[in-house]
Amino acid sequence: GSIAQRDTRGREMAEVNTLIFDIDDTLYPVSSGFSDHRNGEIISSFMVECLGFSSHEEAMVVRDEFFGRYHSSLKGLTMLEAEGRLPKEFVKEELGQFWADRCEFAKYLKKNPALVEMMRTLDAAGLTLVVFSNAPRLYALAVLEFLDLRELF
């Protein structure tokens with residue numbers, strides 16, 4: 001038989017075989033300003049250009065309302081559409097593509113070779129690495145690609 005690992009209080013610990021990471025403000029620091037960039041100027045541009053809001057100011061008033069309620073642009077826009085409060089139809093894949101195309105990854109995010117090496121070490125040790133985001137898939141993949149992490153998830 002095997003000997004169970006114990007914590008500092010003598011309790012048996014479960015074996016860990018999977019690590020789950022959130023993307024935004026976890027795989028890169030919140031201090032980078034990238035989330036503020038994405039959830040500020042970029043989301044307001046999306047709302048004006050793709051959803052028909054008349055100005056960035058109007059878009060930000062609505063964005064601040066739904067972000068305060070849902071803490072997610074995707075969820076907020078989905079709910080506003082369900083309530084009939086958007087000038088044009090919201091297609092979530094368009095938001096993912098817009099963010100992937102318009103976010104200034106290189107301006108706000110720094111490559112982190114130590115993070116990449118740590119993730120490779122965890123992967124090589126046989127751990128299953130999982131990433132999640134409440135943001136659209138195309139955007140999430142673009143972030144992972146920029147951070148040189150896509151191949152690991």
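You'll find the structure just up there.
Asker: Would you mind going over the pattern of salt bridges with me for this structure?
Answerer: Here the idea is simple: oppositely charged side chains can pair when their charged atoms come close. For the coordinates displayed, the defined rule picks out ten salt bridges. With its nearest N and O atoms 3.5 Å apart, the salt bridge here joins R85 to E83. Its relative accessible area of 37% is what places R85 among the partly exposed residues. The partly exposed category is assigned to E83, whose relative accessible area is 39%. A salt bridge links E151 to R120, with the nearest nitrogen and oxygen atoms 3.5 Å apart. Of this pair, E151 sits in the segment after α7 (137-146) while R120 sits in helix α6 (residues 113-124), and the two are 31 residues apart along the sequence. Bridged by salt links that share partners, the residues E65, R69, E83 and R85 form one connected network.

Asker: What am I meant to see in the environment of T18 here?
Answerer: As for its position among the elements, T18 is in strand β1 (residues 18-22). Residue T18 is classed as partly exposed on the basis of its relative accessible area, which comes to 34%. Distance from T18 to Y70, taken between C-alpha atoms, is 28 Å for residues 52 residues apart in sequence. Not counting chain neighbours up to four residues away, the residues in contact with T18 comprise L127, T128 and V130. Engagement of the side chain of T18 in a polar contact is seen with the side chain of N17, the distance being 3.0 Å.

Asker: I tried to follow the packing of helix α2 (residues 56-70) against helix α3 (residues 73-82) on my own but got confused; where do I start?
Answerer: Each packed pair of helices is defined by two parameters, the angle between the axes and the distance between the axes. Two elements in contact, α2 and α3, have axes separated by 8 Å at closest approach and are oriented at 110°. Judged on the interaxial angle alone, α3 and α2 are roughly perpendicular. Note on element contacts: α3 touches α2 through S73, K75, G76, L77, M79 and L80, opposite V62, F66, F67 and Y70. In terms of residue class, the contact of α2 with α3 is built from seven nonpolar, two polar and one charged.

Asker: What exactly am I supposed to notice about the side chain of N39 here?
Answerer: Structurally, N39 can be placed in helix α1 (residues 34-49). N39 sits in the buried class, given a relative accessible area of 9%. Within polar-contact distance, the side chain of N39 engages the side chain of S73 at 3.1 Å. Beyond its immediate sequence surroundings of up to four residues, N39 is in contact with M60, R63, F67, S73 and W99.

Conventions we followed
- Residues numbered from 1 in each chain as written.
- Predicted model: local features only at pLDDT ≥ 70, side-chain atom pairs only at ≥ 80, totals over all residues.
- Heavy atoms only, no water.
- Salt bridge = Lys/Arg side-chain N within 4 Å of Asp/Glu carboxyl O.
- Buried < 20%, exposed > 50% of the residue type's maximum accessible area, 1.4 Å probe, protein only.
- Helix = DSSP H or I, 4+ residues; strand = E, 2+ residues; numbered from the N terminus.
- Contact = heavy atoms within 4.5 Å.
- Polar contact = N/O pair within 3.5 Å; in protein donor to acceptor, adjacent residues only side chain to side chain.
- Axes fitted to C-alpha atoms, helices over the stretch in contact; angles between N-to-C directions.
- Parallel < 35°, antiparallel > 145°, perpendicular 65-115°, else oblique.
- Nonpolar A, V, L, I, M, F, W, Y, C, P; charged D, E, K, R; others polar.

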